[in-house]
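An overview of the molecular structure
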Number of protein chains: 2
Amino acid sequence: MTTPEAREEAVLEAVGKRREQVNEAIPEELPIQRPERLYEASRYLLDAGGKRLRPTVLLTTAEALADVEPLSVDYREFPDLGADGQTIDVMAGAVSVEVIQSFTLIHDDIMDDDDLRRGVPAVHKEYDLETAILAGDTLYSKAFEIMLETGAPAERLVDALEILATTCTKICEGQSLDVSFEQRGDVTTDEYLEMVEQKTAVLYAAAACLPAVLLGADDETVDALYGYGLDVGRAFQIQDDVLDLTVPSEKLGKQRGSDLVENKQTLITVHAREQGIDVANLVDTDRVENVTEAEIDAAVAVLEESGSIEYANGTARDLVARGKDRLEVLPDNEAHDLLLDIADYLIERGY
Amino acid sequence: MTTPEAREEAVLEAVGKRREQVNEAIPEELPIQRPERLYEASRYLLDAGGKRLRPTVLLTTAEALADVEPLSVDYREFPDLGADGQTIDVMAGAVSVEVIQSFTLIHDDIMDDDDLRRGVPAVHKEYDLETAILAGDTLYSKAFEIMLETGAPAERLVDALEILATTCTKICEGQSLDVSFEQRGDVTTDEYLEMVEQKTAVLYAAAACLPAVLLGADDETVDALYGYGLDVGRAFQIQDDVLDLTVPSEKLGKQRGSDLVENKQTLITVHAREQGIDVANLVDTDRVENVTEAEIDAAVAVLEESGSIEYANGTARDLVARGKDRLEVLPDNEAHDLLLDIADYLIERGY
């Protein structure tokens, strides 16, 4: 039996190898062209880094479905599940999903007026508001164009483009719910989980099911993989909320407890409020720069006492367990095991 | 021979009848649903009015291709060009194009910080910046979802979705060029026409060729109709520039000559500068509210003297003539005649 640390290291290595290939494919699918400033702004966040977790899920799911050894087949010429020798460019599908993710980050940073992203200025800070809106809009349509590059047969392409479109609509709906929650003091855990599903989890769901659609898997497989992505995507976001409270600031790369200071709703705060805790006043300070570690420690102690942190941890664990069960539709192989490990990693990761 | 006034009236009547049907279809394709505020903001400009010129071009082209009497066939169950009795929902295609137009208006108004649109507050004024960005993003993906509702066979749907995606990318590129032109004093007429093609004309081109794609016409017809839309779309924008100078303010609904006051590049000002005229100082006033009719009259006299207004008029006329010629691929019928009249209307309209 391997240790959690060894498994985390194995996941990070597997993600890293796919990330290298995704990083090579991005400039191929999205070259800097005229008007250069627009395309440079569109590429800015993509080039600034990112773990590429969603493309990794997509590429690994393709390998599990095709029952091939991980990293043994060219993602650009990936074997169809049929017997006709047709190949599909699953890398284009992976880049398409990452491009959608990047578009939403650019527009979200404008909406939240965030200054930094991935250690660099947000696009509307590095460029300007007009360019950031347009860069996001350009990535939006480019994601559809890039999906068309997969070379999948027309009927599967239509399904893939429909998944892309409905996913984008749901992300907008989720972001709209998130914004509306800021004005409300009575959000329930069910409402919070619905918001997280729409804002975050649907793109993991798309990443997991798209290779099944593109390679020609049956509906049962597509649905199961969609469910896997939805479950682990929600767990990922809940874990983010937990980490904001429990990981030291220097490891987190931002002030621990910033969600509490900014009065952001998380599964933890929503649960605590349902237990009768005055969440809005857990931390007195109203500026992240001024909060002390002692204040955060005291707030975390209250949230532990109320069982809210354990509730969030438990919810994430349950979602990951359910997501992993859904992978039973896949053949038993190395890529399948990696998808199980990725699910665990999403809630076991230290930051 | 009919008078221009009688023809304009006939065009407006034909547009008006299709507009009624488009206005009925919009809430069917884009119902207000949860989260309501997001969908209300998404529908806000669509419900505020608009001529629906692009949907009219799409619906009329469908009628010309199918060789049916205008308004005699249900747009929701429109006959395929093949002999298999299949029907296509061309109204969904028309709504999809109008939804794209509305998304670009919402984001453009943010970028230009315009207060008013169609006589009502811009979406970011009526709601807020966050909601306006999200409303535009929602319409963007909804346009793809609505196009999928046409029920066209998969291969045609893929082509239609590709046209939609590349059209959106070009609109972003055109808008980016337009923004960059504001910083430059050396834009050429060719550069200006390229910008107008991308920012405005491609959506007319999409509207004209999409019914051919959806109904299964051959490539030659698709290309010719795309060219028709590109030509008349450019003529439409150039005519807008001319009208800004020549139509009395009360008829225009805004101050005549506002483009000059705001130092906006138009085909007229770009041409005048190429003739050595100091365009930036044609009008001294720097606020639209303060400009006098006498100042505008004097500026227009200079632009007439330089031949710049006639140059713009002539360019628009040439484009319309070329666009009309391209319609020779269509059967000779009433809808075909209406498309010719719409082309003339776009440059003969008084405002």
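Let me begin by describing the structure that accompanies this report. Note that the coordinates shown come from a computational prediction; the quantities given were computed from them, not determined experimentally. Along each chain, residues carry numbers from 1 onward, in the same order as the chain's sequence is written. The lettering of chains begins at A and the numbering of ligands begins at 1, in the order of writing. Owing to the predicted nature of the model, reporting of local features is limited to residues with pLDDT of at least 70; listing and counting of side-chain atom pairs is limited to 80 or more, with chain, interface and lining totals taken over all residues. Heavy atoms from the whole structure form the basis of all side-chain values; hydrogens and water molecules are not counted.

**Topic: the packing of aromatic side chains**
Geometry of an aromatic ring pair is reported as the spacing of the ring centres plus the angle between the planes. Only Phe, Tyr and Trp rings are paired, with Trp represented by its six-membered ring, and only when their centres lie within 6.5 Å; those with planes under 30 degrees apart are stacked, over 60 edge-to-face, the remainder tilted. The final tally for this structure, using the stated rule, is 10 aromatic pairs over all chains. Summarising the aromatic geometry, the rings of Phe144 of chain A and Phe144 of chain B are spaced 4.0 Å apart at their centres and angled 15° between planes, so their arrangement reads as stacked. Taken together, the residues span two chains, with Phe144 of chain A in helix H6 (residues 129–148) and Phe144 of chain B in helix H6 (residues 129–148). Pair check on accessibility: Phe144 of chain A and Phe144 of chain B agree, each one buried. Of the aromatic side chains, those joined through ring pairs into one cluster are Phe103 and Tyr140 of chain A together with Phe103 and Tyr140 of chain B. Helix numbers and strand numbers start at the N terminus; a helix is a DSSP run of H or I with at least 4 residues, a strand a run of E with at least 2. Burial here depends on accessible area, computed with a 1.4 Å probe over protein chains only, as a share of the maximum for the residue type. Under 20% is buried, over 50% is exposed, and the range in between is partly exposed.

**Focus: the packing of helix H1 (residues 4–29) of chain B against helix H3 (residues 53–66) of chain B**
All names here are of chain B. Each axis is a line fitted through C-alpha atoms, taken for helices only over the stretch in contact, and angles between the N-to-C directions span 0 to 180 degrees. Two elements in contact, H1 and H3, have axes separated by 9 Å at closest approach and are oriented at 100°. Our classification of the angle between H1 and H3 gives roughly perpendicular. For the pair H1 and H3, the contacting residues are Val15, Arg18 and Val22 in the first and Leu53, Pro55, Thr56, Leu59, Thr60 and Glu63 in the second. Asp, Glu, Lys and Arg are counted as charged, while Ala, Val, Leu, Ile, Met, Phe, Trp, Tyr, Cys and Pro are counted as nonpolar; the rest, among them Gly, fall into the polar class. Residue classes in the contact of H1 with H3 are distributed as 5 nonpolar, 2 polar and 2 charged. Should an angle lie under 35 degrees it is considered roughly parallel, over 145 roughly antiparallel, and from 65 to 115 roughly perpendicular; all remaining angles are considered oblique. Any two residues whose heavy atoms approach within 4.5 Å are treated as being in contact.

**Some details on the side chain of Glu29 of chain A**
Residues and elements named next belong to chain A. One can find Glu29 in helix H1 (residues 4–29). The class of Glu29 is buried, set by a relative accessible area of 14%. Pairs of N or O atoms are called polar contacts if they sit within 3.5 Å, as long as, within protein, a hydrogen donor faces a hydrogen acceptor (for residues adjacent in sequence, only side-chain-to-side-chain pairs). Reaching out from Glu29, the side chain makes a polar contact with the side chain of Arg76 at a distance of 2.5 Å. Residues in contact with Glu29, not counting those within four places in the same chain, are Arg76, Asp89, Ala92, Val95, Ile146 and Glu149.

**Thoughts on unusual backbone geometry**
With glycine set apart, most residues show a phi of negative sign, and most peptide bonds adopt trans. That bond from Arg34 of chain A to Pro35 of chain A is cis: its omega, -5°, falls within 30 degrees of zero. Tracing the sequence through the fold places Pro35 of chain A in the loop between H1 and helix H2 (36–47).

**A word on the pattern of salt bridges**
Pairing between side chains of opposite charge can happen when their charged atoms approach one another. All names here are of chain A. Any Lys or Arg side-chain nitrogen found within 4 Å of a carboxyl oxygen on Asp or Glu counts as a salt bridge. Taken as a whole and judged by the stated rule, the model has 55 salt bridges over all chains. Two residues, Glu13 and Lys17, come together in a salt bridge whose shortest N-O distance is 3.1 Å. One end of the pair is Glu13 and the other is Lys17, both in helix H1 and 4 residues apart, which spans about a single turn. Close ionic contact of Lys125 with Asp113 constitutes a salt bridge, the shortest N to O distance being 3.4 Å. Of the two residues, Lys125 sits in helix H5 (residues 123–126) while Asp113 sits in the loop between helix H4 (90–112) and strand S3 (116–117), which places them 12 residues apart along the sequence. Residue Lys125 is classed as partly exposed on the basis of its relative accessible area of 39%. Asp113 gets classed as partly exposed once you look at its relative accessible area, which sits at 46%. Taken together, the salt bridges that share partners define one network made up of Arg7, Lys324, Asp341, Asp344 and Glu348.

**Brief notes about the environment of Asp178 of chain A**
Residue and element names in this part refer to chain A. Among the structural elements, Asp178 can be located in helix H7 (residues 154–181). For Asp178 and Asn263, which are 85 residues apart along the polypeptide, the C-alpha to C-alpha distance reads 13 Å. What Asp178 contacts, discounting residues up to four positions off in sequence, is Met195 and Lys199.

**What about the interface of chain B and chain A?**
Of the residues lining the interface, 38 residues belong to chain B; the matching set on chain A comes to 38 residues. Taking both partners together, chain B and chain A bury about 3,400 Å²; carbon and sulfur atoms supply 71% of that area. Accessible surface is computed with a 1.4 Å probe, and the buried area is the amount of it that two parts give up when combined, taken over both parts together. On the chain B side of the contact with chain A, Arg34, Met111 and Leu134 of chain B bury the most area, a combined 16% of that side's loss. Linking chain B to chain A there are 2 salt bridges.

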